Amino acid sequence: MSPGDAQPGEPGSSSTPPRPNAPAQAAGSLKSTPNSRGAATVSDHISLVGVHVDEIRPWIQRDIRQAEKCPVDAMLQVLLQRASLDPKTKQPDLLKRCLKAVLPVCNGRAEAAVNDKDLHSSHIKEALDSYVLPGDEKKYYGPFTKVINIALACLEGIEVDGMRASPGMNIICQHNDKEMVQLHQNEKSRRRPDVVILPLQSSRNAFSDEFRDMRDAEHMLQNAPNPPEESLVWKDVLASIEFKRKAKGVSGPPSSYSVQEYIATDRDYLRVDTAAPDGPATAVAGPSQTQAKQPAPAPAPTRRSTRHTTSSQNASTNSGSKRKAAEPLQSSGKRPKVDDTDARLDATVQTGLYAAEMFAANVAVNYLINLIVVDDVVWIWYYDRQGTIQCSGINFIQDLPRFMVLLYALQRFDLGGWGRNMDFKEVKEEGGGVKEERVTHYGLKGRATNVFPVTSEKLAKEGSGIEDDGMVDEIAKLQPTVDGHVPQLLGHYKVDNPTSAVREALGMPNPTKGSRVLYILVFRKLRPITELDGEDFFNVWRQCILCHLALWKGGVLHRDVSPGNMMYYRTKEGVLMGVLNDYDLSSLATAFGPQGNERTGTVPFMALDLLTPEGQQGNVKHLYRHDLESFVWVLAWVSLRYRNGVLLPRETRPLDVVGNC
């Protein structure tokens with residue numbers, strides 16, 4: 001029988017158990033969900049499938065290639081609105097008023113709020129004159145940093161009706177070009193952004209004591225234009241700035257500036273390089289390192305929601321330009337960043353990787369803003385879990401007022417304005433560390449599930465108070481193979497801040513397609529099946545299969561069977577209970593068509609039928625035997641990678657290469 005010959009529950013299909021509770025479906029209505037073209041495919045499972053962090057680069061590139069586009073004036077209006085006293089009330093003339101207000105800064109007639117002559121706005125033109133001089137790319141970091149820092153000091157005193165005052169974060173532009181290391185599920189990433197924006201104190205902390213006593217003006221003009229003595233940390237970075245130098249000559253600043261219409265740049269938008277970097281990303285060779293081996297793009301269906309999952313410790317264990325895009329912006333004559341592969345990446349992909357680091361460094365980030373500078377043009381890149389938006393460019397030398405308005409808006413952001421989620425308060429472990437049990441997501445778009453342990457005195461005393469009202473709970477009441485074998489939801493919270501809001505404000509087409517909201521779910525803490533061995537492992541594995549079968553017959557399709565979704569706990573009597581976890585990719589049999597725009601499954605454990613070109617494009621019906629095949633792959637995977645519940649050394653785990661496919 002060829003793939004997709006029989007539908008789930010179709011009479012005569014010996015491979016698919018019938019679902020008595022499911023209504024009749026139109027032919028072909030249930031199909032496997034097409035892939036989400038991006039890092040969400042593997043980034044939730046770095047430690048699970050043995051993926052190297054650098055091997056996620058091609059998936060980040062795929063996310064970036066799907067970036068939407070908008071006019072920069074529309075984005076500036078949105079950012080100003082967010083920084084206003086009343087973000088929910090539209091102020092159509094806000095951009096025009098701000099452009100007029102920043103003219104004294106642009107024309108060298110504004111003093112710094114701290115009244116320091118070294119930060120007078122007349123020095124902005126001096127820095128721009130230095131920037132346009134020919135030279136190596138690195139030569140431009142210092143002058144550009146000075147332009148921003150002087151501007152920030154002068155913009156602080158600019159008042160516009162309806163706009164907030166600066167919240168006192170004292171942000172600063174810091175030349176970096178120094179390696180920054182971060183841990184992702186026990187895998188290290190090493191990145192070297194050119195320039196970053198971060199709080200002033202974070203910049204000061206990266207210099208020795210002899211420099212920390214400098215006046216703010218001295219630090220902003222002497223230390224900040226130079227690389228820090230100590231490595232910066234991604235948690236502190238509010239925005240990264242990547243530079244590329246292409247033109248041999250750049251025109252200098254005009255004698256004066258005035259409010260005018262947007263000055264179109266030679267290339268309105270940046271094109272993303274589609275070629276894979278030469279050479280392997282790491283010492284481990286694998287199919288994922290070759291762009292041609294990756295699946296072809298497919299239409300994205302209806303979206304699913306972003307989730308943020310926690311586990312309770314008190315419970316039992318567990319614009320519309322017609323110009324063509326410019327040529328790819330790869331580094332030329334630049335010192336390699338971390339390794340040759342990273343240095344050869346397109347600037348848009350490099351900046352995307354920096355965004356992935358920033359997402360992972362903080363809990364439940366709503367959105368991020370990064371900048372790419374090519375010669376005298378700066379592009380704003382906006383990232384959230386729905387996707388990426390790039391704006392048309394600003395010639396920050398000829399159209400300096402628009403660049404000043406961008407800085408004016410950013411300066412008035414508090415942490416929430418920068419996209420940080422203010423609903424979470426992180427409690428550090430003794431010694432300042434973070435629990436190893438915390439699992440972060442490394443990527444741009446997609447579910448972005450983060451898991452970390454929590455403590456709740458209220459839940460411990462009062463219980464969840466959540467009534468069973470879902471189909472899974474109804475099945476559990478009737479089927480002993482499901483009762484106790486599915487996660488127990490203790491609490492949930494929805495953050496009503498959809499990613500579609502910014503797209504609606506920007507006037508983008510289909511703004512709600514793929515929109516995401518943050519869900520916080522609290523479950524009883526469970527243990528991974530990989531901790532078990534021998535008969536205990538086989539017993540829990542079998543329980544998960546029986547639970548899955550009963551749910552399928554009841555009309556619930558899981559469709560993401562993997563070791564990460566097979567858990568266990570022990571009852572008070574010491575009985576092992578297997579739990580089939582994570583129903584984010586599941587769909588009800590009563591739904592018509594695919595649910596969500598994620599790949600239905602974790603790649604190494606997906607049925608071979610679903611990995612064919614037809615399956616990749618969503619043209620293969622998802623049958624029961626596909627999930628059953630996934631259970632078999634899990635059995636082989638765990639048996640060959642673990643001994644006595646302990647992960648074997650990397651050199652003895654050949655299946656890790658398969659995991660990178």
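Computed from a predicted structure; not experimentally measured. (Residues numbered from 1 in each chain as written. Predicted model: local features only at pLDDT ≥ 70, side-chain atom pairs only at ≥ 80, totals over all residues. Heavy atoms only, no water.)

As for the overall build of the protein chain
(1) Moving on: Scanning the protein chain from N- to C-terminus turns up 20 helices and 21 strands.
(2) Moving on: The 661 residues of the protein chain split such that 57% are buried.
(3) Moving on: For the protein chain, the computed accessible surface area is about 27500 Å², with 51% contributed by carbon and sulfur atoms. (Helix = DSSP H or I, 4+ residues; strand = E, 2+ residues; numbered from the N terminus. Buried < 20%, exposed > 50% of the residue type's maximum accessible area, 1.4 Å probe, protein only. Areas by Shrake-Rupley, 256 points an atom, 1.4 Å probe, with all protein chains shown as cover.)

Section: the environment of threonine 265
(1) Moving on: Along the chain, threonine 265 falls in the loop between strand 6 (239-244) and strand 7 (306-312).
(2) Moving on: A polar side-chain atom of threonine 265 sits 2.9 Å from the main-chain carbonyl oxygen of arginine 267. (Polar contact = N/O pair within 3.5 Å; in protein donor to acceptor, adjacent residues only side chain to side chain.)

Quick notes on the packing of helix 6 (residues 122-131) against helix 7 (residues 141-155)
(1) Moving on: Two elements in contact, helix 6 and helix 7, have axes whose closest approach is 8 Å; the angle formed by their N-to-C orientations is 165°. Looking at the two axes, helix 6 sits roughly antiparallel to helix 7. Crossing angle aside, the handedness with which helix 6 passes helix 7 is left-handed. Contacts between helix 6 and helix 7 pair His123, Ile124, Ala127, Leu128, Ser130 and Tyr131 from the former with Pro143, Phe144, Lys146, Val147, Ile150 and Ala151 from the latter.
(2) Moving on: Considering only residue class, the contact of helix 6 with helix 7 consists of 9 nonpolar, 2 polar and 1 charged. (Axes fitted to C-alpha atoms, helices over the stretch in contact; angles between N-to-C directions. Parallel < 35°, antiparallel > 145°, perpendicular 65-115°, else oblique. Left-handed = near helix turned anticlockwise from the far one by under 90°. Contact = heavy atoms within 4.5 Å. Nonpolar A, V, L, I, M, F, W, Y, C, P; charged D, E, K, R; others polar.)

Details of the pattern of salt bridges
(1) Moving on: This model, assessed by the stated rule, comprises 18 salt bridges.
(2) Moving on: Here arginine 215 ties to aspartate 116 by a salt bridge, and the two come within 2.3 Å at their closest N and O atoms. In this pair, arginine 215 sits in the loop between helix 9 (209-212) and helix 10 (216-223) while aspartate 116 sits in the loop between helix 5 (103-106) and helix 6, placing the two residues 99 residues apart along the sequence.
(3) Moving on: By relative accessible area, which is 14% here, aspartate 116 ends up buried.
(4) Moving on: Taking the shortest distance from any N to any O, the salt bridge between glutamate 531 and arginine 527 comes out at 2.6 Å.
(5) Moving on: Linked by salt bridges that have partners in common, Asp116, Asp118, Arg215 and Glu218 make up one network. (Salt bridge = Lys/Arg side-chain N within 4 Å of Asp/Glu carboxyl O.)

Points about the confidence of the model for the protein chain
(1) Moving on: Looking at the protein chain as a whole, its pLDDT mean stands at 78, while 73% of the residues score no less than 70.
(2) Moving on: Across residues 275-308 the pLDDT falls below 50, and counting only partners more than four positions away or on other chains, this stretch makes 110 contacts in the model.
(3) Moving on: Of the regions scoring below 50 in pLDDT, residues 587-599 engages in 62 contacts with residues more than four places distant in sequence or in other chains. (pLDDT = per-residue confidence, 0-100.)

A look at the packing of aromatic side chains
For any two aromatic rings, the description comes down to two numbers: the centre-to-centre distance and the angle of the planes.
(1) Moving on: Tallied over the entire structure, the rule returns 14 aromatic pairs.
(2) Moving on: Here the aromatic rings of phenylalanine 144 and phenylalanine 403 are separated by 5.9 Å at their centres, their planes lie at 40°, and the arrangement is tilted.
(3) Moving on: The exposure class of phenylalanine 144 is buried, given its relative accessible area of 1%.
(4) Moving on: Residue classification places phenylalanine 403 among the buried positions, given a relative accessible area of 0%. (Phe/Tyr/Trp six-rings, centres within 6.5 Å; stacked < 30°, edge-to-face > 60°.)

Focus on the environment of aspartate 423
(1) Moving on: As for its position among the elements, aspartate 423 is in the loop between helix 13 (400-411) and strand 12 (451-454).
(2) Moving on: On the accessibility criterion, aspartate 423 (49% relative accessible area) is partly exposed.
(3) Moving on: Counting along the chain gives 59 residues from aspartate 423 to alanine 364, while the straight-line C-alpha distance between them is 9.0 Å.
(4) Moving on: With sequence-adjacent residues up to four places away left out, aspartate 423 is seen in contact with Tyr493 and Val495.

Notes on the nonpolar core
(1) Moving on: Membership of the largest hydrophobic core comes to 116 residues, with the highest contact counts inside it found for Ile241, Phe403 and Met404.
(2) Moving on: Among the nonpolar cores identified, the runner-up in size contains 27 residues, and Leu532, Trp541, Leu576 and Phe605 belong to it. (Core = buried A, V, L, I, M, F, W, Y, C linked by side-chain atoms within 4.5 Å.)

Comments concerning the packing of helix 2 (residues 57-65) against helix 12 (residues 347-361)
(1) Moving on: The geometry of helix 2 relative to helix 12 is characterised by a closest axis approach of 9 Å and an angle of 105° between their N-to-C directions. The angle between the axes of helix 2 and helix 12 places the two elements in the roughly perpendicular class. Across the interface between the two elements, Arg57, Ile60, Gln61 and Ile64 from helix 2 touch Thr348, Val349, Gly352, Leu353 and Ala356 from helix 12.
(2) Moving on: Class assignment for the residues of the contact of helix 2 with helix 12 results in 5 nonpolar, 3 polar and 1 charged.

Thoughts on the sheet that holds strand 17 (residues 566-570)
(1) Moving on: Spatially, the 3 strands line up as an open sheet ordered 15-17-18, and their pairing is antiparallel. Two strands in the sheet have a free side with no partner beyond their single neighbour: strand 15 (527-528) and strand 18 (576-580).
(2) Moving on: Where strand 15 lies against strand 17, 2 bridges are found, and the strand directions are antiparallel. The partner of arginine 527 across the bridge, within strand 17, is tyrosine 568.
(3) Moving on: Lying over the sheet, helix 17 (residues 534-553) contacts strand 17 and strand 18, oriented at roughly 45° with respect to strand 18. (Pairing = 2+ DSSP bridges.)

Some remarks on the side chain of aspartate 376
(1) Moving on: Looking at the element boundaries, aspartate 376 is found in the loop between strand 8 (368-374) and strand 9 (377-384).
(2) Moving on: It turns out aspartate 376 is buried and unbridged, and the closest side chain with the opposite charge, arginine 267, is 7.2 Å from it.
(3) Moving on: Beyond its immediate chain neighbours, meaning those up to four positions away, aspartate 376 contacts Val250, Ile394, Asn395, Phe396 and Ile397. (Lys, Arg positive; Asp, Glu negative; His and termini not counted.)

Quick look at the pairing of strand 10 (residues 387-391)
(1) Moving on: Burial analysis of strand 10 places 5 of its 5 residues in the buried class, which makes it a mostly covered element.
(2) Moving on: One ladder, built from 3 bridges, connects strand 1 (residues 68-70) with strand 10; its direction is parallel. Bridging from a neighbouring strand, lysine 69 pairs with glutamine 390 of strand 10.
(3) Moving on: Where strand 9 lies against strand 10, 4 bridges are found, and the strand directions are antiparallel. Among the inter-strand pairings, tryptophan 381 is bridged to a residue of strand 10, identified as glutamine 390.
(4) Moving on: Taking the residues between adjacent antiparallel strands as the criterion, strand 9 and strand 10 are bridged by 2 residues.

Some details on helix 12
(1) Moving on: Taking 1.5 Å of rise per residue, the 15 residues of helix 12 would be expected to cover 21 Å, and the 21 Å separating its terminal C-alpha atoms lies within 8% of that figure.
(2) Moving on: Burial analysis of helix 12 places 15 of its 15 residues in the buried class, which makes it a mostly covered element. (Expected span 1.5 Å × (residues − 1).)

A look at the state of the cysteines
(1) Moving on: With the rule as written, the count across this model stands at 0 disulfides.
(2) Moving on: With no disulfide of its own, cysteine 70 lies 3.7 Å from the sulfur of cysteine 391, the closest cysteine sulfur. (Disulfide = S-S within 2.5 Å.)

With respect to unusual backbone geometry
(1) Moving on: Positioned with a positive phi, aspartate 177 is a non-glycine residue whose angle comes to about 50°.
(2) Moving on: Structurally, aspartate 177 is set in the loop between strand 2 (171-175) and strand 3 (180-184).
(3) Moving on: Residue classification places aspartate 177 among the buried residues on the basis of a relative accessible area of 9%.
(4) Moving on: Phi is positive for arginine 559, which is not a glycine, with a value near 65°.
(5) Moving on: Assignment of secondary structure puts arginine 559 in the loop between strand 16 (556-557) and strand 17.

Here we look at the pairing of strand 18
(1) Moving on: With 5 of 5 residues buried, strand 18 lies mostly within the body of the structure.
(2) Moving on: Direction of pairing for strand 17 relative to strand 18: antiparallel, over a ladder of 5 bridges. From the neighbouring strand, tyrosine 568 faces strand 18, where its bridge partner is glycine 578.
(3) Moving on: The antiparallel pairing of strand 17 with strand 18 creates a hairpin that spans 5 residues between the two strands, and glycine 574 there sits at a positive phi of about 90°.

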